[in-house]
Amino acid sequence: PRVFQFFRRYHRPLELAAKITSSIPGFVYVWRYLGFISASGDVEAFRELYKEVGKIDFKSYSETMLMLGKHDAWDILPNIDVPTIIFAGDRDFFTPVEVAKKIHRLIPHSRFVLIPKSSHYAPLEYPEEFIDHIERFLKDCLKRKPAGRR
């Protein structure tokens, strides 16, 4: 996506901004206000996450993300034969909902879960809902007899 081209082009000021803002405890509220994370997010967990953001080498990060964008594994998704759950957040700009839905369509018998008002950080924003979906998924997996195994 364009955001990673932007990161690559402006990596030095972004790194400086990340270092400065990641040390400001209240900055998580700015991210909330901008809509990058939901209002229900665990503030302390996001503070810890943003401390790590301050350590990112944005040039390397953007190069990695751009290369991942060129990687194509769509053709192997139909070969996945293990229980798979795909989570999506309707505010996720790293993995947009349509991409998550395509992954779901390509992986046989996968389960798709949309967590409304969440970003890429849905487990931090809605931990109870996230855990509930995983628990139900695992219980359902245990109920099913594995294909081809006896």
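Since this is a predicted model, take the numbers as computed values, not measurements. (Residues numbered from 1 in each chain as written. Predicted model: local features only at pLDDT ≥ 70, side-chain atom pairs only at ≥ 80, totals over all residues. Heavy atoms only, no water.)

Undergrad: So what's going on with the layout of surface pockets? Which residues, and what values?
TA: If you add up the space inside the largest pocket, you get close to 1,300 Å³. Residue lining of the largest pocket: 39 residues in total, with Phe 4, Tyr 61, Met 65, Phe 93 and Phe 94 positioned closest to the centre. When contributions to the lining of the largest pocket are tallied by element, the ones reaching two or more residues are helix H1 (2-9), helix H2 (11-22), helix H3 (27-34), helix H4 (43-53), helix H5 (58-70), strand S1 (85-89) and helix H6 (97-106). The residue makeup of the lining of the largest pocket, split by class, is 32 nonpolar, six polar and one charged. (1 Å grid on protein atoms, 1.4 Å probe; cavity = no way out; pocket = protein on both sides within 12 Å on 5 of 7 lines; lining within 4 Å. Points joined across faces, edges and corners; volume = space filled by probe spheres on them. Helix = DSSP H or I, 4+ residues; strand = E, 2+ residues; numbered from the N terminus. Nonpolar A, V, L, I, M, F, W, Y, C, P; charged D, E, K, R; others polar.)

Undergrad: I'd like a description of the pattern of salt bridges, backed by residues and values.
TA: Following the criterion strictly, the structure yields eight salt bridges and no others. As a salt-bridge pair, Arg 47 and Glu 44 come within 3.2 Å of each other at their nearest N and O atoms. Of the two residues, Arg 47 and Glu 44 are both situated in helix H4; the distance of three residues between them amounts to about one turn of the helix. Judged by relative accessible area, Arg 47 falls into the partly exposed class, the value being 24%. A salt bridge links Arg 111 to Asp 140; its shortest N-O distance comes to 2.5 Å. Of the two residues, Arg 111 is situated in strand S2 (residues 111-115) and Asp 140 in helix H8 (residues 127-143); the sequence distance between them amounts to 29 residues. Among the charged side chains, a salt-bridge network with shared partners connects Arg 111, Asp 140 and Lys 143. (Salt bridge = Lys/Arg side-chain N within 4 Å of Asp/Glu carboxyl O. Buried < 20%, exposed > 50% of the residue type's maximum accessible area, 1.4 Å probe, protein only.)

Undergrad: Explain the confidence of the model for the protein to me, and be specific about the residues and the numbers.
TA: For the protein, mean pLDDT is 86; residues scoring 70 or higher make up 95% of the total. The least confident element of the protein is H1, whose mean pLDDT is 78; the most confident is S2, at 97. (pLDDT = per-residue confidence, 0-100.)

Undergrad: Provide a residue-level description of the side chain of Ser 62, including the pertinent values.
TA: Along the chain, the position of Ser 62 falls in helix H5. Only 2.9 Å separates the side chain of Ser 62 from the backbone oxygen of Lys 59, close enough to count as a polar contact. With sequence-adjacent residues up to four places away left out, Ser 62 is seen in contact with Phe 4, Phe 7 and Arg 8. (Polar contact = N/O pair within 3.5 Å; in protein donor to acceptor, adjacent residues only side chain to side chain. Contact = heavy atoms within 4.5 Å.)

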